[in-house]
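Each chain, letter by letter, is given below.
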Amino acid sequence: MGERSQLKFALAAFAAGLAWGYLRHRESTRKSAFALVQALEWFIAYGGAAAVITLVRESMEPEEPIAADSERITHFRQVVTERTGTDG
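Per-chain numbering applies: the sequence of each chain, read as written, is numbered from 1 onward. Where totals are concerned, whole chains, interfaces and linings use all residues; where local detail is concerned, this predicted model gives features only for residues with pLDDT of at least 70, and gives and counts side-chain atom pairs only at 80 or more. With hydrogens and water stripped out, all remaining heavy atoms of the structure feed into the side-chain values.

## Side note on the nonpolar core
Residues belong to one nonpolar core when they are buried, are Ala, Val, Leu, Ile, Met, Phe, Trp, Tyr or Cys, and are joined through side-chain atoms within 4.5 Å. Only protein chains enter the accessibility calculation, which uses a 1.4 Å probe; a residue whose area is less than 20% of its type maximum is buried, one above 50% is exposed, and one in between is partly exposed. Listed in full, the five residues of the largest apolar core are Leu 7, Ala 10, Phe 43, Ala 51 and Leu 55. We count a stretch as a helix when DSSP gives it H or I for four or more residues in a row; a strand needs E for two or more, and each element gets its number in order from the N terminus. Put simply, the parts of the chain that give this core at least two residues each are α1 (3-24) and α3 (48-60). Ignoring anything within four residues of it in the chain, the contact list for Leu 55 reads Glu 3, Arg 4 and Leu 7. Any two residues whose heavy atoms approach within 4.5 Å are treated as being in contact.

## Examining the environment of Ala 13
Tracing the backbone shows Ala 13 in helix α1. When its relative accessible area of 10% is taken as the criterion, Ala 13 is described as buried. For the pair formed by Ala 13 and Ile 44, sequence separation is 31 residues and the distance between their alpha carbons is 9.1 Å. Setting aside its immediate chain neighbours within four residues, Ala 13 contacts Trp 42 and Tyr 46.

## Topic: a nonpolar patch on the surface
Patch rule: a residue counts if its relative accessible area is over 30% and it has no salt bridge; like charges are joined within 9 Å, and nonpolar side chains (Val, Leu, Ile, Met, Phe, Trp, Tyr) within 5 Å. The Shrake-Rupley method, run with a 1.4 Å probe, gives the accessible areas here. Residue values count only the displayed protein chains as cover. Think of a salt bridge as a Lys or Arg side-chain nitrogen and an Asp or Glu carboxyl oxygen that are within 4 Å of each other. Residues Leu 18, Leu 36 and Leu 40 make up a contiguous nonpolar surface patch of about 230 Å² in total accessible area. Here Leu 36 is to be found in helix α2 (residues 31-45). For Leu 36, a relative accessible area of 42% puts it in the partly exposed group.

## A closer look at α1
To estimate the expected span of a helix, subtract one from its residue number and multiply by 1.5 Å. With 22 residues, α1 extends 31 Å from end C-alpha to end C-alpha; this agrees with the ideal 32 Å at 1.5 Å per step. The set of residues buried in α1 consists of Gln 6, Leu 7, Ala 10, Ala 13, Gly 17 and Gly 21. Across the axial projection of α1, the buried residues extend over an arc of 115 degrees, all falling on one side. Facing away from the buried side of α1 by more than 90 degrees, the exposed set consists of Arg 4 and Lys 8. Elements in contact with the buried residues of α1: α2 and α3. It is the directions from the helix axis to the C-beta atoms that the arc portrays.

If you want it as structure tokens, here you go:
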């Protein structure tokens, strides 16, 4: 699953946790705080924190343009021939 789709899934879990936490603690005077804690718990549990960190890391890394006329050496190949002393 891509990072963006993982983040969308985690944001949906955040919204569901917010609603669930509010409904579960609707009789309490601190229902907003409980709802926020529940939403954060579900956001982290469904991979939201890891997705956010990955997206931030990717945005901070500099992008180096690859020149069209330059070649990149990926490996070397060595050819060995064996000579026995006789031609033919």
